[in-house]
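Remarks on the overall topology
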Amino acid sequence: MAEKPQPVVVQYCQACSLPPEYCEFGPEFEKCKPWLIQNAPDLYPDLLKAANANEADKVADQLHSTGISSADSGGSSEAKPEEVKRLPGGKTKKKEKKEVIIEKVVRNKRKCITTVKGLELFGVKLSDASKKLGKKFATGASVVKGPTDKEQIDVQGDISYDIVEFITETWPDVLETSIFFIEDGKKVPAA
């Protein structure tokens, strides 16, 4: 008589409740990683290597913070790395540079609009800034969403070169070195 086949015991992940083979396709793979390293290291050998590398990095950071450095670091004059923000999925996002970009957009041959982007990075309230610009240059000025869904100020008329002096006088935090023009698709410093 033939033996009865025994049922297969399937192990499920405690974090996402999927079989370990499918955790990487689940919605919360980052939460699954510690469980996978502990309970299914043969399925994801890369995770085990990454975990060991992370532990080595943590130890090196602790040694560096206490003042003990490794042999490969040459001197104390290190360049400060750019601040990077981690997004889900391991993607990185660089912190935005504090700069004001002024662009002149021509419409209907003679009419033009001067666009000011980036004032909010200096702590300037855009609605107040648009009112001040409108009063100073006697034109219409409004806060609109740009193509990247960031708010910008649109001022009617070609005031691109007069606006630099006005911005630096009105808001002293905005330096003239951090103001740029966009001319023919190139970024040109205002100073």
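Shown above is the structure to which this text applies.
Structure report, in brief. Please read these numbers as outputs of a predicted model, since none were measured by experiment.

Our focus in this paragraph is the layout of surface pockets. Roughly 270 Å³ of internal volume is contained in the largest pocket. Residue lining of the largest pocket: 14 residues in total, with Glu96, Ile101, Lys117, Gly118 and Lys150 positioned closest to the centre. Within this model, the second largest pocket holds a volume of roughly 220 Å³. Lining the second largest pocket we find Lys33, Pro34, Ile37, Leu47, Ala50, Ala51, Asn54, Glu55 and Lys58.

Our next topic: the nonpolar core. One finds Val100, Leu119, Ile163 and Ile167 to be the most contacted residues of the largest nonpolar core, which totals 22 residues. Listing elements by their share of this core, those giving two or more residues are β3 (100–107), α3 (126–137), β6 (151–156), α4 (160–170) and β7 (179–183). With 10 residues, the next largest nonpolar core counts Cys16, Leu36, Ala40 and Leu47 among its residues.

So, on to the state of the cysteines. According to the stated counting rule, one finds 0 disulfides in the structure shown. Take Cys16: it sits in no disulfide, and the sulfur closest to it among the cysteines is that of Cys32, at 3.4 Å. According to the relative accessible area criterion, Cys16 is buried, its value standing at 14%.

On to α3. Helix length check: α3 (12 residues) gives 16 Å between terminal C-alpha atoms against 16 Å at 1.5 Å per residue, within 8%. Those residues of α3 lying buried are Leu126, Ala129, Ser130, Leu133, Gly134 and Phe137. The buried residues of α3 occupy one face: seen down the axis, they fall within an arc of 135°. Structural note: α3 exposes Lys131, Lys135 and Lys136 on the side pointing more than 90 degrees away from its buried face. Lining the buried residues of α3 we find β5 (141–145), β6 and α4. Where α3 ends, the next residue or the one after it, Ala138, has phi of about 50°, a positive value.

Conventions adopted
Residues numbered from 1 in each chain as written. Predicted model: local features only at pLDDT ≥ 70, side-chain atom pairs only at ≥ 80, totals over all residues. Heavy atoms only, no water. 1 Å grid on protein atoms, 1.4 Å probe; cavity = no way out; pocket = protein on both sides within 12 Å on 5 of 7 lines; lining within 4 Å. Points joined across faces, edges and corners; volume = space filled by probe spheres on them. Core = buried A, V, L, I, M, F, W, Y, C linked by side-chain atoms within 4.5 Å. Buried < 20%, exposed > 50% of the residue type's maximum accessible area, 1.4 Å probe, protein only. Helix = DSSP H or I, 4+ residues; strand = E, 2+ residues; numbered from the N terminus. Disulfide = S-S within 2.5 Å. Expected span 1.5 Å × (residues − 1). Arc of directions from axis to C-beta. Contact = heavy atoms within 4.5 Å.

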